[in-house]
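# Results of the structural survey
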Amino acid sequence: MEPREPKILIAFLGWVGGEKRGDHQALRDTWLKELPLNMDYKFFIGDGTPVDPEEDKNINAGFDVWASKSVGNTGHRGTQTRLGNSYSFAGYEPKEDDVIVHCPDGYHYMSYKRKESLRWALEHGYDYIFCASVDVYARPERLASSEFQRYDYHGMYCGNLGWTDTDCYIPESYIFGGGYWLSANAATRIVGSKVTYWCEDWWIGMALSQAVKSGEVVRNDSPISVSKYAIEPRRPHFDNDIISVELSAGDYENRKMYECHAQFSQPTPKAPSPFRYNKPYKYAKDGLSVNWWDRHRR
């Protein structure tokens, strides 16, 4: 008997605002149309159910530390929509590809949403989960042919977590949240873990750190500079091997999703020549002699 294909879920950290702004639709209109039969996708949206008050206090404190570390963090769209008040779940009509989970829908509760998405995936028999935010563009055929089945925790390597003077610091690396794989083995451990930090990729790294050390969870680390799970400006293109890209750095407009999809199969534009030359005398009549100005800057 031939082994069955793994059952794969692409689990997006959706939100009511993402649907209303058109971020979810941009994904439906582009690369999600091309998923193979063994890949499903869902947008996970929080219904506003509050979390434990003590946990909530700790989550908010961790977010405040992160937000205070730089001007960039303070201006981050997630910081500005921190409590999810800009888009209320009340009156929202879930779409066919939505899964409503019992947690807040605000940006700084994404770890709870990720945990619930993994719980749902396990309950529905998925073998591997590609965890993504709604600003991730990926090539389905490259996801399918990647080495994800060799690992439990797989994606783009990032350095140490957090800051040494805070509780969220651990000396190991983590896998960047723009797009990463978890096996059912890793997902089971995360579902059984308590949420201790607001940022989902950091929290996943902390939750799996001991299992990675012991070898119970197999992690693959691809450094940022060569990872096939990229961040801007590196994008998937037909003449490279990049699998996915996160299209934002704190801010996102869904036009980028359409642009990236349109550009995937287009030839890369040639950069203008840095050299100046006298056009009438650029080449000799035989086409072999190069004008001096073509090789020297002015």
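Look a little higher up for the structure.
This report concerns the structure included in the present document. Nothing here was measured: the structure is a model prediction, and the numbers come from that model. (Residues numbered from 1 in each chain as written. Predicted model: local features only at pLDDT ≥ 70, side-chain atom pairs only at ≥ 80, totals over all residues. Heavy atoms only, no water.)

### So, the sheet that holds strand β10 (residues 229–231)
Cut-off, in case you're wondering: Here the rule is simple: two strands pair whenever DSSP picks up at least two bridges between them. A helix here means a DSSP run of H or I that spans at least four residues, while a strand means a run of E at least two residues long, and both kinds are numbered starting from the N terminus. Fitting a line to C-alpha atoms yields each axis, with helices limited to the stretch in contact; the angle taken between N-to-C directions then spans 0 to 180 degrees.
Ordered in space as β5-β11-β10, the three strands form an open sheet in which the pairing is mixed. This sheet does not close on itself; its edge strands, each paired only once, are β5 (136–138) and β10. Here the strands of the sheet are splayed against their neighbours by 20° on average, with no regard to which way each runs. One ladder, built from three bridges, connects β10 with strand β11 (residues 244–246); its direction is parallel. Within β11, the position partnered with Ile231 by the bridge is Glu246.

### Some points on the pattern of salt bridges
Stated precisely, the cut-off is as follows: In what follows, salt bridge is the name for a side-chain nitrogen of Lys or Arg lying within 4 Å of a carboxyl oxygen of Asp or Glu. A 1.4 Å probe rolled over the protein chains alone gives each residue an accessible area, and that area as a share of the maximum for its type sets the label: buried under 20%, exposed over 50%, partly exposed in between.
Taken as a whole and judged by the stated rule, the model has 15 salt bridges. Of the charged contacts, one joins Lys113 and Asp105 as a salt bridge, the two residues approaching to 2.8 Å between their closest N and O atoms. An identical accessibility class is assigned to Lys113 and Asp105; each is buried. Ionic pairing is found between Arg119 and Glu116, a salt bridge with its closest N-O pair at 3.0 Å. Of the two residues, Arg119 and Glu116 both sit in helix α6 (residues 110–123), three residues apart, roughly one turn of that helix. Overall, the relative accessible area of 30% leaves Arg119 in the partly exposed class. By sharing partners, the salt bridges in this structure join Glu19, Arg28 and Asp97 into a single network.

### Here we look at helix α8 (residues 184–191)
For clarity, the threshold we go by: Throughout, the arc means that of the directions going from the helix axis to the C-beta atoms.
Along α8, the residues that are buried comprise Ala186, Ala187, Ile190 and Val191. Each buried residue of α8 lies within a common arc of 135° when the element is viewed along its axis, so the set occupies one face.

Scope: geometric values only; no functional claims are made or implied.
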